[in-house]
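# Coordinates in review
Here is how the chains run, residue by residue.
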Amino acid sequence: MIIDIHGHYTTAPKALEEWRNRQVASLKDPALAPKVSELQISDDDLRQTIEQNQLRLMKERGADLTIFSPRASFMAHHIGDYQTSATWAAICNELCFRVAELFPDNFIGAAMLPQSPGVDPKTCVAELEKCVKEYGFVGINLNPDPSGGHWTSPPLTDRHWYPIYEKMVEYDIPAMIHVSTSCNACFHTTGAHYINADTTAVMQLIQGDLFKDFPTLKFVIPHGGGAAPYHWGRYRGLAQELKKPLLDEHLLNNVFFDTCVYHQPGVDLLTRVIPVKNVLFASEMIGAVRGIDPQTGHYYDDTKRYIEAADLTAEERYMIYEGNARRVYPRLDAALKARGR
């Protein structure tokens, strides 16, 4: 199987965005607040958005299954308060669940959390539990910066985050460390803020000793790990100066990187620097970069082409495409086995 671990519902029906706009407007005028029941999206609406977009491209490019979560830039945890995020997260997660129900062979869910700046992360536990127990989701997206580019939360190694980590360990699910929209003009959302966050997460984990407290905790750092693989020597050296163990021991039993890197040299570097056991196939297609590369004539986010062209053995490709995903996402593996896959 070819399992894409990084998919977002970026093509959700327009009605979702319209409802969200009303919710945001109601923060200034509560009389404008929409009811959840006013959001009407039919199964046919969902089928149309998926069949003409993600599913079509999956078939064209040769992917079998996508781990599917709400649109990252739409999470916007900095907007409103906890209740704003709780309502919005529940709506978005339910839509991903419905997509997975409509296309069970092609999609399985990962949850957005109802994070809010300055709010105890334990408030996210109820939504996390619902998505795992009721929806069969296999992972979560954890935003290390709910403030939207101002970085007001403690580092990922701080006990602040432990309520979420405890549930991740209990349910044996990984978290993709994924920020949302930047509201800081210094940081372009997808070109700077996302990559900053990936890199920042790696450095925070190097500085701390989180995995001594949670030896089975698993994180996926998206977008190829940000700058980390490119500067792996820097991080090895910094870890050494901080008197930490070698990164293979300190990080790589718990931290994994996806292949959302949109050119061949980048994927070649990723798979040469990072052990293949820590690399998981992903495309984030119909995401941040949707155009065609004039140098190749192919879509930038057709990442399978890069894996096929990389200097990898057949066994290494299997690990990137399927084996590592089954190991890092045990609930995905169990769900697939239950279906005879």
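Our subject is the structure that appears above.
The present account deals with the structure reproduced in this document. (Residues numbered from 1 in each chain as written. Predicted model: local features only at pLDDT ≥ 70, side-chain atom pairs only at ≥ 80, totals over all residues. Heavy atoms only, no water.)

## Some details on unusual backbone geometry
How we decide: Numbering of helices and strands runs from the N terminus, with a helix taken as a DSSP run of H or I at least four residues long and a strand as a DSSP run of E at least two residues long. Only protein chains enter the accessibility calculation, which uses a 1.4 Å probe; a residue is then buried when its area is under 20% of its type maximum, exposed when over 50%, and partly exposed in between.
Here the phi dihedral of Trp151 falls at roughly 55 degrees; this positive angle occurs in a residue that is not glycine. Structurally, Trp151 is set in the loop between β5 (140-142) and α7 (162-171). Note on Trp151: relative accessible area 27%, which makes it partly exposed. Positive phi is not limited to glycine here, since His223 has a value of about 55 degrees. Within the secondary structure, His223 sits in the loop between β7 (219-221) and α10 (232-241). Take His223: its relative accessible area is 9%, and that puts it in the buried class.

## Considerations on the pairing of strand β2 (residues 65-70)
Note the threshold: Pairing between strands is defined by DSSP: at least two bridges between them are needed.
The buried count for β2 comes to six of six residues, which makes it a mostly enclosed element. Here five bridges tie strand β1 (residues 3-9) to β2, and the two strands are oriented parallel to one another. Opposite Gly7, over in β2, you have Phe68 as the bridge partner.

## Focus: the side chain of Asp4
Condition: Asp and Glu count as negative and Lys and Arg as positive, but His and the ends of the chain are not part of the count. Salt-bridge detection follows one rule: a side-chain nitrogen of Lys or Arg within 4 Å of a carboxyl oxygen of Asp or Glu. What qualifies as a polar contact is a pair of N or O atoms within 3.5 Å, subject to a donor-acceptor requirement within protein and to the restriction that residues adjacent in sequence count only when both atoms come from side chains. Note on contacts: a residue pair qualifies if any of its non-hydrogen atoms lie within 4.5 Å across the two residues.
The residue Asp4 is located in strand β1 in this model. Arg61 is the oppositely charged side chain nearest to the buried, salt-bridge-free Asp4, at an N-O distance of 7.5 Å. Engagement of the side chain of Asp4 in a polar contact is seen with the backbone nitrogen of His6, the distance being 3.0 Å. If we skip the residues at most four places from it in the chain, Asp4 touches Leu65, Thr66, Ile67, Phe281, Ala282, Ser283 and Glu284.

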